[in-house]
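# Fold and contact review
The residues making up each chain are set out below.
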Amino acid sequence: MERRTERIHERGVSATVLVCTNERTEHAACAAVDGGAVADAVRDWLRERDRYWSEVAVAETSCLGMCSEDGVAVVVQPDDEWFAEVTVEDVPALMGETVGAAADAAATEPATTG
Ligand code: FES
């Protein structure tokens, strides 16, 4: 095991957006309600600002415990913001409210990684 906290902080990562894309058949699951499309919309929102894999990281996850037939579970850390029933249409507002200020402020600077 290698602790990489310092390296990640040096890279400037200040937020991580977790998008559930869990797939299963027995109960409601985010994969069945466009989890992949929501994850793509989050990445697209960052790409449009040239901030993909910059200070805002994105990760697809397994179940976050907010399963619903009406949308996808999303968590933004370290601010500890939890969203259920997120749709692709909700992503711009969600991103703007959570990581928007940091991403827009940093958009005037070159991204640290590709
Ligand atoms: S399957 Fe996505 S929160 Fe449970």
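Nothing here was measured: the structure is a model prediction, and the numbers come from that model.

What counts as what
Residues numbered from 1 in each chain as written. Predicted model: local features only at pLDDT ≥ 70, side-chain atom pairs only at ≥ 80, totals over all residues. Pairing = 2+ DSSP bridges. Helix = DSSP H or I, 4+ residues; strand = E, 2+ residues; numbered from the N terminus. Right-handed = clockwise from strand over helix to strand, strands pointing away. Core = buried A, V, L, I, M, F, W, Y, C linked by C-beta atoms within 7 Å. Buried ≥ 20, exposed ≤ 12 C-beta atoms within 10 Å, placed from the backbone. Contact = placed C-beta atoms within 7 Å. Axes fitted to C-alpha atoms, helices over the stretch in contact; angles between N-to-C directions. Expected span 1.5 Å × (residues − 1). Parallel < 35°, antiparallel > 145°, perpendicular 65-115°, else oblique. Left-handed = near helix turned anticlockwise from the far one by under 90°. Nonpolar A, V, L, I, M, F, W, Y, C, P; charged D, E, K, R; others polar. Arc of directions from axis to C-beta.

Further remarks concern the pairing of strand S1 (residues 15-20). In this structure, S1 lies alongside strand S2 (residues 56-61), joined through 6 bridges in parallel fashion. Across the sheet, the residue bridging to Val17 is Val58, located in S2. Traced from S1 through helix H2 (residues 35-48) to S2, the parallel crossover comes out right-handed. Relative to strand S3 (residues 72-77), S1 runs antiparallel, the two sharing 4 bridges. In the sheet register, Val17 faces S3, and the bridge partner there is Val76.

If you look at the biggest cluster of nonpolar residues, it comprises 23 residues, and the most contacted ones within it are Val17, Val19, Val38, Val42, Val72, Val74 and Val91. When contributions to this core are tallied by element, the ones reaching two or more residues are S1, H2, S3 and helix H3 (91-98). Counting residues per element, this core draws most heavily on H2, at 6 residues. Beyond its immediate stretch of four places on either side in the chain, Val17 contacts Val42, Val56, Val58, Val74, Val76 and Val99.

Another point: the sheet that holds strand S4 (residues 81-86). Reading across the sheet, the 4 strands line up as S2-S1-S3-S4 and stay open at both edges, with mixed pairing between neighbours. With one partner strand each, in any of the chains shown, S2 and S4 form the two edges of the open sheet. This sheet shows a mean twist of 20 degrees between the axes of neighbouring strands, independent of strand direction. In this sheet, S4 lies alongside S3 in antiparallel orientation, the contact comprising 4 bridges. Across the sheet, Val72 pairs through a bridge with Val86, a residue of S4.

Let us look at the environment of Pro78. In this structure, Pro78 sits in the loop between S3 and S4. Separated by 63 residues in the primary sequence, Pro78 and Ala15 place their C-alpha atoms 6.0 Å from one another.

For H2, with 14 residues, the first-to-last C-alpha span of 20 Å sits near the 20 Å given by 1.5 Å per residue. Of the residues one or two after H2, Asp50 is the one with positive phi, at around 55 degrees.

The next point concerns the packing of H2 against H3. H3 packs onto H2 with a crossing angle of 50 degrees between their chain directions and a minimal axis gap of 10 Å. In terms of axis orientation, H2 runs oblique to H3. In this structure, H2 crosses over H3, and the sense of that crossing is right-handed. Where H2 approaches H3, its residues Val38, Ala41, Val42 and Trp45 are matched on the opposing element by Val91, Pro92 and Met95. Residues of the contact of H2 with H3, tallied by class, amount to 7 nonpolar, no polar and no charged.

So, on to H3. Of the residues making up H3, those classed as buried are Val91, Leu94, Met95 and Thr98. The buried side chains of H3 occupy one side of the element, clustering within an arc of 95 degrees when seen end-on. Turned more than 90 degrees from where H3 packs its buried face, Ala93 and Glu97 sit exposed.

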